[in-house]
Structure formats: C-alpha cells, structure tokens
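Coordinate analysis (summary)
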Amino acid sequence: MRWIWVVAAVLVGCGSSSSPAAPDGATSDAGADVGGVTITDLSGFYRVTSDQEGACGATSASTLSGAYAFLDREQSLFVWRVCGEPARDACTGTLTYDFDTPIAGGMRAAGGVAFFSDGCTLTWEQADATLAGDELHVHLVRNRIVEQIAEDACTLDAARALTGPCVYQVDLVATRVSATDGGAD
C-alpha cells in the first residue's frame, strides 16, 4: 500500500506586492489597501475572554488556547502564539495556520491536508480573525471528508475546494492588553 502525504500551509500572498520590510522585520502595509481590502494590524497581546471549541454546532468551553494570545507580526503575516501571560517568553506554539490574507476588518489563515491510503482524506481549515476596537474575534472551521477517489485526485487543491462537512470549530474572543510585544501596557 502506498502512502502519500501532502501537508501545506497555504500562503496566498506569498511573493505578493507587500511593502518592503523595515529593519525590525515589520512591513509598512498595515492600514494599506490591498485588492480593495485594508490590512488590519492585529499584532499585540490579547487576554482570552471566551474560548468555545468542539464539534460544529456543539462547542463548549475550552482552555486549549491559553489565558493569553500573542499575534506576532512577521513581515506581511501574523502568527498566533499561545501564552500563559502577556510576555513573549511565556508563549509557546500556535493554534492555526499563519494569518496571511487580508479580509474586511482582519486577516484569514487557511491550510489543509490531502492523505491517500485506501481512499482519500481531505481536510481544509480556515480561520478568520477580526478586530473591532480592542476586541478580537476568531472563528475557525475545519472541513473533512474521506472518499474513494483516484490517488492523483487526492490533492491539496481538492482539499482547498471543500465547503463541508464541518467537523470542528473554534469561536474565540480576546481583548487586546498591549499592542507591543513586551507585555501589558
């Protein structure tokens, strides 16, 4: 039996027309208009006030996201870091793909997996992070199917085209406590 793994974080804006990086690695495109959508600067520390996760339509309270989150600006994208407190050295891994695509009022992260072994498993995950004042809302949906299709049709493009069924979702709300990376103001 042949195993094929295709795992990729889709960087839609890779090689795009983002602004040149400043010496600190940040770009000057926050607030810029890109394809009719203004890039929202999500960077900073946030205190998680609500984290609902689980099967689609049946979420419950969770603590997987940590007490704080740090949205770390890395050139033209934002990386979600899980933190125990509002300090960089208290942050660990990430919860989702990098937020790299501007949407109205925020950024989108998306990525997926195509796995073939006695059938094809396609998974696609999309998270939208929107900012209203200092309140951040993150809505993540994971779609997955397992089907009997040809191995050459079991691709990341096929996963990207999924619109359901939804198997997992996250709805998170957090309040910005600092727009810097050094901790609470």
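First, a word on what this report is: a plain description of the structure on this page.

What to know about the side chain of Glu-53
- Along the chain, the position of Glu-53 falls in strand 4 (residues 44-54).
- Buried Glu-53, no salt bridge; nearest opposite-charge side chain is Arg-142, N-O distance 7.6 Å.
- Side chain to side chain, Glu-53 and Tyr-168 meet in a polar contact 2.8 Å long.
- Discounting chain neighbours no more than four positions away, the residues touching Glu-53 are Thr-59, Ser-60, Ser-62, Leu-64, Ser-65, Tyr-168, Gln-169 and Val-170.

Topic: the packing of aromatic side chains
- In this structure the tally under the stated criterion is one aromatic pair.
- Taking 4.5 Å as the distance between ring centres and 20° as the angle between the ring planes, the aromatic pair formed by Phe-45 and Phe-70 counts as stacked. Separated by 25 residues along the polypeptide, Phe-45 in strand 4 and Phe-70 in strand 6 (residues 68-74) bring together distant segments of the chain.

Some points on the pairing of strand 11 (residues 135-147)
- Both strand 10 (residues 120-132) and strand 11 contribute to a ladder of 13 bridges, which runs antiparallel. Note on strand 11: the bridge partner recorded for Gln-126 is Val-141.
- Relative to strand 12 (residues 166-178), strand 11 is paired through nine bridges, and the arrangement is antiparallel. Within the sheet, the bridge partner assigned to Glu-135 lies in strand 12 and is Thr-175.

Points about the nonpolar core
- If you look at the biggest cluster of nonpolar residues, it comprises 21 residues, and the most contacted ones within it are Leu-42, Leu-71, Trp-80, Phe-99 and Leu-136.
- Those elements that place two or more of their residues in this core are strand 4, strand 6, strand 7 (77-83), strand 9 (106-116), strand 10, strand 11 and strand 12.
- What Leu-42 contacts, discounting residues up to four positions off in sequence, is Leu-71, Phe-78, Gly-106, Met-107, Ala-129, Leu-131, Leu-136 and Arg-176.
- In terms of nonpolar packing, the next biggest core, distinct from the first, is built from 11 residues, Leu-122, Ile-145, Leu-156 and Leu-162 among them.

How each quantity is defined
- Residues numbered from 1 in each chain as written.
- Predicted model: local features only at pLDDT ≥ 70, side-chain atom pairs only at ≥ 80, totals over all residues.
- Heavy atoms only, no water.
- Helix = DSSP H or I, 4+ residues; strand = E, 2+ residues; numbered from the N terminus.
- Buried < 20%, exposed > 50% of the residue type's maximum accessible area, 1.4 Å probe, protein only.
- Lys, Arg positive; Asp, Glu negative; His and termini not counted.
- Salt bridge = Lys/Arg side-chain N within 4 Å of Asp/Glu carboxyl O.
- Polar contact = N/O pair within 3.5 Å; in protein donor to acceptor, adjacent residues only side chain to side chain.
- Contact = heavy atoms within 4.5 Å.
- Phe/Tyr/Trp six-rings, centres within 6.5 Å; stacked < 30°, edge-to-face > 60°.
- Pairing = 2+ DSSP bridges.
- Core = buried A, V, L, I, M, F, W, Y, C linked by side-chain atoms within 4.5 Å.

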